[in-house]
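Residue-level listing of the chains:
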Amino acid sequence: MKTLTTTIILIMVTVFSLSAQDGAYERAMKKALTEMEDAQSPDAMLAAANTFERIGQKATDEYLPSYYAALNLLNYNWTLQDPAKRDEVIERAMEQVKKAQAISPNNDEVEVLYGYALMAKMTVDPMNRAQSYSPQIMQSFGKAMAMNPENPRAKVMMAQMEKGTAQFMGTDSPRACELARQSAELLKNEKPSDELQPSWGMDSAQEILEGCNH
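A quick note: this is a predicted structure, and the numbers were derived from the prediction, not measured. (Residues numbered from 1 in each chain as written. Predicted model: local features only at pLDDT ≥ 70, side-chain atom pairs only at ≥ 80, totals over all residues. Heavy atoms only, no water.)

A. Region of the structure containing the side chain of Asn-72. Within the fold, Asn-72 resides in helix α3 (residues 64-77). Aside from chain neighbours lying at most four places away, what touches Asn-72 is Met-36, Met-45, Ala-48, Ala-49 and Phe-52. (Helix = DSSP H or I, 4+ residues; strand = E, 2+ residues; numbered from the N terminus. Contact = heavy atoms within 4.5 Å.)

B. Local environment of the packing of helix α5 (residues 108-124) against helix α6 (residues 126-147). Two elements in contact, α5 and α6, have axes separated by 8 Å at closest approach and are oriented at 170 degrees. If you check the angle between α5 and α6, you find them roughly antiparallel. Taking contact as the criterion, the partners of Asp-108, Glu-111, Val-112, Tyr-114, Gly-115, Tyr-116, Leu-118, Met-119, Lys-121, Met-122, Thr-123 and Val-124 in α5 are, on α6, Pro-126, Arg-129, Ala-130, Tyr-133, Ser-134, Gln-136, Ile-137, Ser-140, Phe-141, Lys-143, Ala-144 and Met-147. Across the contact of α5 with α6, the residue classes tally to 14 nonpolar, five polar and five charged. (Axes fitted to C-alpha atoms, helices over the stretch in contact; angles between N-to-C directions. Parallel < 35°, antiparallel > 145°, perpendicular 65-115°, else oblique. Nonpolar A, V, L, I, M, F, W, Y, C, P; charged D, E, K, R; others polar.)

C. Representation of the nonpolar core in the model. Core analysis: the biggest nonpolar cluster contains 58 residues, and Phe-52, Tyr-67 and Tyr-68 have the highest contact counts within it. Sort the elements by how many residues they give to this core and α5 lands first, with ten residues. Non-local contacts of Tyr-67, meaning those with residues more than four positions away in its chain, are made with Ala-100, Glu-109, Val-110, Leu-113, Arg-153, Pro-198 and Trp-200. (Core = buried A, V, L, I, M, F, W, Y, C linked by side-chain atoms within 4.5 Å. Buried < 20%, exposed > 50% of the residue type's maximum accessible area, 1.4 Å probe, protein only.)

D. Spatial organisation of the packing of aromatic side chains. A full pass over the atoms with the stated rule returns four aromatic pairs. Relative to Trp-200, the ring of Tyr-116 lies with its centre 6.3 Å away and its plane at 35 degrees, an arrangement referred to as tilted. Taken together, the residues Tyr-116 in helix α5 and Trp-200 in the loop between α8 (174-188) and α9 (202-212) connect sequence positions 84 residues apart. Through a chain of ring-to-ring contacts, the aromatic side chains of Phe-52, Tyr-67 and Tyr-68 assemble into a single cluster. (Phe/Tyr/Trp six-rings, centres within 6.5 Å; stacked < 30°, edge-to-face > 60°.)

E. Summary view of the environment of Asn-72. On the accessibility criterion, Asn-72 (2% relative accessible area) is buried. In this structure the C-alpha to C-alpha distance between Asn-72 and Met-45, which are 27 residues apart in sequence, comes to 5.8 Å.

Purely geometric stuff here, so don't read any function into it on its own.
Given below as structure tokens:
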């Protein structure tokens, strides 16, 4: 009887401990997401990335801290002018993407981010990198779309690639416009399973659609 009572107490302590940890994780993530949304300057974007990295160091079984750390680093890279510095920041972002992939394999949102990191890497030196990187990027976004045809971020990032390729070739890209329209429609009706899930993409979709109206 004493053994049974001790076992029950241990189970209850474990359950309460896990609940407290989950609560702390969610609170930290919600605070970090607010920090990310409010980040308007390069320094603020980098600070948000650092915050997510710190959360990820504690919540080692959660992929979202690494996901958002990478997303903030990729957004931050566009504010830099020095190619070497951009490469350094993108490599740091890719490390976070790989952490997220290891924790959550076959995740369409992480696959989108992987393609996004490759795209950023290509734009550092497009004349020398486009030929080798473009197929990898298209493959990554295509893979994400195949994994989840309703993922609006996969569609809008593929639209970005289609638009960039068309501009390089000096042609129109009706496919980019169609993908952006599909993405915007999905984003309007998107209902994430919880507040921590990715929900970005509308700004990019609208930017592409503005160019489709001319």
